[in-house]
Amino acid sequence: MAGQMAELLKKAFAEKGVQLPGAKVETRKVLPPDSGEPSQHTGQSAKTPTVSPPAGPTAPKEGKRSDPIAEACKKWRAEHPVARAKTPVKASQKAPPLACYDSSPERADQSPEGKVSPYEVRLGSAARLALTLDEQVGLEVLDGYEELGRSSQCCHETADDEHLIAMGVDFGTSSIKVVIGDPALGKAFGVPFTTASDVARYLLPTRLHESAGRFSLCEGEETHRDLKLALIANPGDLVLRERVSAMLALVIRQARGWLFATHADVFARTRLLWKLSIGLPVAHHLDDELTQTFNDVAHVAWLAACTPRDISRTTIAAARDRKREIAAAPERMSEDEDVEISVVPEIAAQIYGFVNSSRFNRKEQNIYLMVDVGAGSVDSSLFHVKPARGGKWDFEFFTSIVEPHGVMNLHRHRVGWWEEALSQCSEPTAGLISSALAEHKYPTDRTVALPSRFTRYVHDAKVFLRKPSDDPDDTFFQKKVVSQVRGKSYWRAWRDGHLTPAQLIGVPAFYCGGGMRMEFYNKLQSQMQSMPGYTWLRAEPRRIELPKNLEAPGLHRSNYDRMTVAYGLSFLEVGKVTRALPPPKLSLKPDTSWAENYVGKELC
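Treat the numbers as computed from the prediction; the structure is a model and nothing was measured. (Residues numbered from 1 in each chain as written. Predicted model: local features only at pLDDT ≥ 70, side-chain atom pairs only at ≥ 80, totals over all residues. Heavy atoms only, no water.)

S.K.: Help me understand the overall build of the protein, please; the structure alone is not making it clear to me.
M.R.: Looking only at helices and strands, one finds 17 helices and 18 strands in the protein. Residues counted as buried form 46% of the 604 residues belonging to the protein. Counted over contacts in the protein with a minimum sequence separation of 6, partners at least 24 positions apart contribute 73%. (Helix = DSSP H or I, 4+ residues; strand = E, 2+ residues; numbered from the N terminus. Buried < 20%, exposed > 50% of the residue type's maximum accessible area, 1.4 Å probe, protein only. Contact = heavy atoms within 4.5 Å.)

This is the structure in structure tokens:
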């Protein structure tokens, strides 16, 4: 066997013109460049071993040549499979532990041989799913207002006064909030949608029901979810546009009807000039095409809401046609159809209550960090705000990040973790629990609170982690949420040259959104207050106080942050919204610590 291998190697080396150890050097005559044959050995003497250099740019174009040595070794291995040796795998080359925070974790049967699972799950005899289906919680939308809201006017006689009022619609992933503001009265009215208590009565789940082409807020044969995220992902989809317009049309009718029914004494003899403001994340607001899309669907919704017919596919189609007619001949627009549509950055609206209060000091640097934790995403921005002419406000954004790290995406990661864990359990109940989990994985309009920890998704189940870093909740929090807010939104403002470390020390930070009710996200506030080794990466949490002019019976002041966007939309007059351009790179002072020039990978 060894002799056969030696002969093969000897022959292969000879074809390459390379001497085997102990063999006689073979020489070849070097051909002149113009001999008619391609020379592979230029500039060498006749006594030089014939080792071919790599072909240069002038080498003839040929098919890929096989390496005789490699071919010989390959042939020998094929004929002697028992002689193959397994190369030991070094510890650094082994596959990393299971990525628990991934919604589609690697299956155990795809793991490298000998890999140890980072966790162990044991199910007890009473193991069952701990989640509650959201549909089991009844939704009672206040009745009787939609019919009254088919007109944009409360006054049907001669008006004595004229008011410009704005309907601020916070079109969220999981719920919709509406506040109607009247600057002339100096009041804002929170619009309730349900019979629930506290802030829940002002939250309308973002679900659209449909039966035979007719849409409803309450019930229907088919339910459409994820309306906002779907439209952002596919702004040109006409079906998605239709659904969003239908949803907004029903909300507009409900809000106007409630206002006219409960405040008829205020508006009975007043002509109303309407403004409809819709919120959009800053990163999306800076996308002109997406902003125009939301402007269009909102305008269609207003026109559809002003018709005497029910909201249906036919009504939405007619409203689209009517919008084109008005664009071609504005003088043909009726009083009900007269509306100003505005698409406003949500974070700009959220901070309005603060900048319009006595706590706002125009002489300070007025740089703020705003974090909005929603159902689908976390929207975080670092920006400068200043008053402009005409009562407007200008916003300059240093960073603006929207990423899918919201509550329901955390939930999907947890469900994915459990699906993987249960697939490795031998208990007969594991499959049943996994099937039940699938029903809870994807809806984003859930109104029932999620468990505080991933371990509480299944009753009578024990989870054993090999090490703390295998915890899927902690991994999601540090690598996704903290990385976005502290790294991409805060530290990056310095890295890109927008702000100095001195300007970033103690920046006021506002945390809003339904996700901040969870302990999981609430601990972000303490994370942003200090970071070992980086004293200037420090943001100080601030509360947004309940405005005195907001009428929202039953709303506790601690829950007002859920209404900040809708309230700001009902009053805010936006001037310029710009993305900051980085100035020339700032020079570092000689006494700056070297550690401040570097950050860990968790911030990138």
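S.K.: Would you mind showing me how to read the side chain of serine 277 here?
M.R.: With respect to the helices and strands, serine 277 occurs in strand β9 (residues 270–280). The residues touching serine 277, leaving out its near neighbours within four places in the chain, are Met167, Gly168, Val169, Ser342 and Leu569.

S.K.: Help me understand the sheet that holds strand β7 (residues 214–216) in this model?
M.R.: In any sheet, the strands associate via hydrogen bonds between backbone groups, in a parallel or an antiparallel arrangement. As summarised here, the arrangement of the three strands in space is β7-β6-β8, forming an open sheet in which the pairing is antiparallel. The two strands at the open ends of the sheet, each matched to only one other strand, are β7 and β8 (222–224). On average, each strand axis in the sheet is inclined to that of its neighbour by 30°, with strand direction left out of account. By the bridge criterion, three bridges tie strand β6 (residues 208–211) to β8 in an arrangement that is antiparallel. (Pairing = 2+ DSSP bridges. Axes fitted to C-alpha atoms, helices over the stretch in contact; angles between N-to-C directions.)

S.K.: Is there a simple way to explain the environment of glycine 149 in this structure?
M.R.: Here glycine 149 lies in the loop between β1 (119–129) and β2 (161–171). Glycine 149 gets classed as buried once you look at its relative accessible area, which sits at 0%. Sequence separation between glycine 149 and tryptophan 258 is 109 residues, and the spatial gap between their C-alpha atoms is 7.5 Å. Filtering out sequence-adjacent residues up to four positions away, glycine 149 remains in contact with Arg253, Arg256, Gly257 and Ala305.

S.K.: What should I look at first to understand the packing of aromatic side chains in this one?
M.R.: The description of an aromatic ring pair rests on the distance of the ring centres and on the angle between the ring planes. Taken as a whole, this structure holds 22 aromatic pairs when the rule is applied. With a centroid separation of 6.2 Å and an interplanar angle of 45°, the aromatic rings of tyrosine 352 and tyrosine 567 are classed as tilted. In this pair, tyrosine 352 is assigned in helix α10 (residues 352–355) and tyrosine 567 in helix α17 (residues 564–569), connecting sequence segments 215 residues apart. Judged by relative accessible area, tyrosine 567 falls into the buried class, the value being 4%. With a centroid separation of 6.0 Å and an interplanar angle of 55°, the aromatic rings of tyrosine 368 and phenylalanine 510 are classed as tilted. Taken together, the residues tyrosine 368 in strand β11 (residues 367–373) and phenylalanine 510 in strand β15 (residues 505–512) connect sequence positions 142 residues apart. Just as tyrosine 368 is buried, phenylalanine 510 falls in that class too. (Phe/Tyr/Trp six-rings, centres within 6.5 Å; stacked < 30°, edge-to-face > 60°.)

S.K.: Would you explain the pattern of salt bridges in this entry?
M.R.: Side chains bearing opposite charge may pair, as long as their charged atoms lie close to each other. Enumeration over the complete set of coordinates arrives at 29 salt bridges. Across the pair glutamate 242 and arginine 313 runs a salt bridge whose closest N-O atoms are separated by 3.9 Å. Residue glutamate 242 is located in helix α4 (residues 238–262), and its partner arginine 313 is located in helix α8 (residues 313–328); the two are separated by 71 residues in the primary sequence. Arginine 313 sits in the partly exposed class, given a relative accessible area of 42%. (Salt bridge = Lys/Arg side-chain N within 4 Å of Asp/Glu carboxyl O.)

S.K.: Where do I start with unusual backbone geometry in this structure?
M.R.: Both trends apply: most residues other than glycine have a negative phi, and most peptide bonds are in trans. Phi at alanine 212 takes a positive value of approximately 55°, unusual for a residue other than glycine. Locating alanine 212 in the fold gives a position in the loop between β6 and β7. Even without being glycine, aspartate 226 reaches a positive phi, approximately 50°. Inspection of the secondary structure puts aspartate 226 in the loop between β8 and α3 (227–233).

S.K.: Would you mind going over the sheet that holds β15 with me for this structure?
M.R.: Strands sit in the order β16-β15-β11-β12-β13-β18 across an open sheet of six strands; the sheet is mixed. At either margin of the open sheet sits one strand with a lone partner, and together these are β16 (538–542) and β18 (574–579). Taking each pair of neighbouring strands and ignoring which way they run, the sheet shows an average axis angle of 35°. With four bridges connecting them, β11 and β15 associate as parallel partners. When the sheet's bridge partners are listed, leucine 369 is paired in β15 with alanine 509.

S.K.: Any chance you could explain helix α11 (residues 407–423) here in plain terms?
M.R.: For an α-helix, 3.6 residues make a turn, and residues three or four places apart therefore share a direction. In this model, α11 (17 residues) spans 24 Å end to end at C-alpha, consistent with the 24 Å of a helix rising 1.5 Å per residue. In terms of residue burial, α11 counts as a mostly covered element, since 16 of its 17 residues are buried. (Expected span 1.5 Å × (residues − 1).)

S.K.: Explain the packing of α4 against α8 to me, please; I cannot follow it from the model alone.
M.R.: Between two packed helices, the angle of one axis relative to the other and the distance separating the axes together describe the packing. Two numbers describe how α4 lies on α8: the axes approach to 10 Å, and their chain directions differ by 100°. In terms of orientation, α4 and α8 fall into the roughly perpendicular class. Residues Glu242, Ser245 and Ala246 of α4 pack against Arg313, Ile316 and Arg320 of α8. Taken together, the residues of the contact of α4 with α8 sort by class into two nonpolar, one polar and three charged. (Parallel < 35°, antiparallel > 145°, perpendicular 65-115°, else oblique. Nonpolar A, V, L, I, M, F, W, Y, C, P; charged D, E, K, R; others polar.)

S.K.: Would you take a moment to explain the side chain of arginine 414 for this structure?
M.R.: Looking at the element boundaries, arginine 414 is found in helix α11. Look at arginine 414 and you get buried, because its relative accessible area is 2%. One polar contact links arginine 414 to tyrosine 457, side chain to side chain, over a distance of 3.5 Å. Sequence-distant contacts of arginine 414, that is, excluding residues within four places in its chain, are made with Pro451, Ser452, Arg453, Phe454, Tyr457, Asp473, Met518 and Phe520. (Polar contact = N/O pair within 3.5 Å; in protein donor to acceptor, adjacent residues only side chain to side chain.)

S.K.: What is the right way to read α8 from this model?
M.R.: An ideal rise of 1.5 Å per residue puts 22 Å on 16 residues; α8 measures up with 23 Å between its terminal C-alpha atoms. Residues of α8 that are buried include every one of Thr315, Ile316, Ala319, Arg322 and Ile326, and no others. Angular distribution of buried residues about the axis of α8 spans 115°; they occupy a single face of the element. Looking at α8, the residues exposed on the side facing more than 90 degrees away from the buried face are Thr314, Arg324, Ala327 and Ala328. (Arc of directions from axis to C-beta.)

S.K.: What am I meant to see in the environment of threonine 307 here?
M.R.: Relative to the helices and strands, threonine 307 resides in the loop between α7 (288–305) and α8. Residue class for threonine 307 comes out buried when judged on its relative accessible area of 15%. Distance from threonine 307 to serine 151, taken between C-alpha atoms, is 7.7 Å for residues 156 residues apart in sequence. Excluding residues within four positions of it along the chain, threonine 307 makes contact with Arg150, Arg253 and Thr315. Reaching out from threonine 307, the side chain makes a polar contact with the backbone oxygen of alanine 304 at a distance of 2.8 Å.

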